[in-house]
Amino acid sequence: MSSLIALGTGGAATVTTFYLYVGVRGKNKITVEDGHVPYWAFGIGMLAANAGEAFQKLAGIGTQLDQAFQGNGSLGEWKTGATAAVLTIIVFGLKPRPWKDAICGAVAPSLFAAAGGLWALPASIFSGLIASFLN
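Residues numbered from 1 in each chain as written. Predicted model: local features only at pLDDT ≥ 70, side-chain atom pairs only at ≥ 80, totals over all residues. Heavy atoms only, no water.

## Section: the overall build of the protein
Then comes step 1: Looking only at helices and strands, one finds six helices and zero strands in the protein.
Then comes step 2: In sequence order, the protein lays out its α and β elements as α-α-α-α-α-α.
Then comes step 3: Relative to the compact-globule value of 14 Å for 135 residues, the protein shows a C-alpha radius of gyration of 15 Å, a close match.
Then comes step 4: By its C-alpha atoms, the protein is 50 × 35 × 25 Å across when sized along the principal axes. (Helix = DSSP H or I, 4+ residues; strand = E, 2+ residues; numbered from the N terminus. Rg over C-alpha atoms; globule rule 2.2 N^0.38 Å.)

## Regarding the pattern of salt bridges
Then comes step 1: Inspection of every chain in the model, using the stated rule, returns two salt bridges.
Then comes step 2: For Asp101, the salt bridge identified is with Lys100, shortest N-O distance 2.6 Å. Each member of the pair, Asp101 as well as Lys100, carries the same accessibility label: buried. (Salt bridge = Lys/Arg side-chain N within 4 Å of Asp/Glu carboxyl O. Buried < 20%, exposed > 50% of the residue type's maximum accessible area, 1.4 Å probe, protein only.)

## Focus: helix H2 (residues 37-50)
Because an α-helix packs 3.6 residues into every turn, residues spaced three or four apart end up facing the same way.
Then comes step 1: Look at H2: 21 Å from first C-alpha to last across 14 residues, which is about the 20 Å you get at 1.5 Å a residue.
Then comes step 2: Of all 14 residues in H2, 10 are buried; the element is thus mostly enclosed.
Then comes step 3: All buried positions along H2 are accounted for by Val37, Pro38, Ala41, Phe42, Gly43, Ile44, Gly45, Met46, Leu47 and Ala48. (Expected span 1.5 Å × (residues − 1).)

## Some remarks on the environment of Ala113
Then comes step 1: Within the fold, Ala113 resides in helix H5 (residues 98-115).
Then comes step 2: Separated by 63 residues in sequence, Ala113 and Asn50 have C-alpha atoms that sit 13 Å apart.

Note that all results are geometric; they support no functional claim without further evidence.
As structure tokens, then:
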């Protein structure tokens, strides 16, 4: 056995996504509270960063969101850290909604890594730990 849990990052991303989907519906034995969705989705985003091509689209969403803000001249100078801050406020400042929190949480790791500095710490620390357990 090469790891503690022999799933691989692609398998783990798929399993975690399915668990989140089943848990949010709340009609089964698995339940995920609305307030916990961003954390589950953040984990999915970290797994997706190391997974196959099917999951690489999540990083593209964060990049496109950031480029939309940076390309708007009326906002003035806009850096990736500002996009990461807006995303964080959307997740934790608004009322929990599974659809909103799942999308924002899954996009956050790639956006945080692109912002660098303190924003990159959660993504880099946890992705290293997760990869060591799953690969």
